[in-house]
Amino acid sequence: MFKLDKKKKRMLAYVGIIGGCAVLALTFFSICQFEKAKFKASETMKSSSQMSLDNILNKDSTALTSETSTYHDLAVFWQSVTEDFTKISAQNAGAYKGTAIPAYIFSMATLVSFGLVLKDAEKVKEQEEKEV
């Protein structure tokens, strides 16, 4: 087995730290974008179903309460869809926020670790120059 000198060990540590943060940032960012798309789609569906319900209620304001109304079944359906997508949209918003926060934290950690690695590398280089 071969031994690694200090310089190579330090380089592997630098790559591991920066690479790990970057991989985690990209992973969470990808998941975040998926959750954002789900949230936008559920918001669109909620708005669409609410608009359909409002249109029906404009035609017959008693459509939800009066079972003899021509639009009763349709109004009940759109009300149900609106309520369901209100819940789904709230869940999707939570998932989006839950993945966006770690994505931004890890992206900032990547930038900070890169800066710290550069600072440490400069410090090590200065120490080597003093030794020579």
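For the structure, check the block above.
Residues numbered from 1 in each chain as written. Predicted model: local features only at pLDDT ≥ 70, side-chain atom pairs only at ≥ 80, totals over all residues. Heavy atoms only, no water.

1. Overview of the layout of surface pockets
The volume enclosed by the largest pocket comes to roughly 170 Å³. Elements represented by at least two residues in the lining of the largest pocket include exactly helix 1 (6-59) and helix 2 (72-131). Across the lining of the largest pocket, the residue classes break down as four nonpolar, no polar and four charged. (1 Å grid on protein atoms, 1.4 Å probe; cavity = no way out; pocket = protein on both sides within 12 Å on 5 of 7 lines; lining within 4 Å. Points joined across faces, edges and corners; volume = space filled by probe spheres on them. Helix = DSSP H or I, 4+ residues; strand = E, 2+ residues; numbered from the N terminus. Nonpolar A, V, L, I, M, F, W, Y, C, P; charged D, E, K, R; others polar.)

2. What to know about the state of the cysteines
Tallied over the full model, the rule gives zero disulfides. With no disulfide partner, C21 has as its closest neighbouring cysteine sulfur the one in C32, 17 Å distant. Note on C21: relative accessible area 17%, which makes it buried. (Disulfide = S-S within 2.5 Å. Buried < 20%, exposed > 50% of the residue type's maximum accessible area, 1.4 Å probe, protein only.)

3. Considering the nonpolar core
The nonpolar side chains of a soluble globular protein tend to be buried, and buried together. By size, the foremost hydrophobic cluster in this structure holds six residues: L53, I56, A63, A75, W78 and V81. The set of elements that each furnish at least two residues to this core consists of helix 1 and helix 2. With three residues, helix 2 is the largest single contributor of residues to this core. A63 has contacts with I56, L57, S69, Y71, H72 and A75, leaving out every residue within four places of it along the chain. (Core = buried A, V, L, I, M, F, W, Y, C linked by side-chain atoms within 4.5 Å. Contact = heavy atoms within 4.5 Å.)

4. Considering the side chain of H72
In this structure, H72 sits in helix 2. By relative accessible area, which is 12% here, H72 ends up buried. There is a polar contact of 3.3 Å between the side chain of H72 and the backbone oxygen of S66. Ignoring anything within four residues of it in the chain, the contact list for H72 reads A63, L64, S66 and E67. (Polar contact = N/O pair within 3.5 Å; in protein donor to acceptor, adjacent residues only side chain to side chain.)

5. A word on the environment of T68
Within the secondary structure, T68 is located in the loop between helix 1 and helix 2. Between the C-alpha atoms of T68 and L118, which are 50 residues apart in sequence, the distance is 76 Å.

6. So, the packing of aromatic side chains
Tallying each qualifying case throughout the model produces three aromatic pairs. Between F39 and Y96, the ring centres sit 6.4 Å apart and the planes meet at 15°, which makes this aromatic pair stacked. Here the residue F39 occupies a position in helix 1, and Y96 occupies one in helix 2, the gap between them amounting to 57 residues. What makes F39 partly exposed here is its relative accessible area of 23%. (Phe/Tyr/Trp six-rings, centres within 6.5 Å; stacked < 30°, edge-to-face > 60°.)

7. What to know about the packing of helix 1 against helix 2
Each packed pair of helices is defined by two parameters, the angle between the axes and the distance between the axes. As a packed pair, helix 1 and helix 2 sit with axes 6 Å apart at the nearest point and diverge in direction by 160°. Accordingly, the angle class assigned to the pair helix 1 and helix 2 is roughly antiparallel. You can see that helix 1 and helix 2 cross each other, and the crossing is left-handed. Counted by class, the contact of helix 1 with helix 2 contains 33 nonpolar, 13 polar and seven charged residues. (Axes fitted to C-alpha atoms, helices over the stretch in contact; angles between N-to-C directions. Parallel < 35°, antiparallel > 145°, perpendicular 65-115°, else oblique. Left-handed = near helix turned anticlockwise from the far one by under 90°.)

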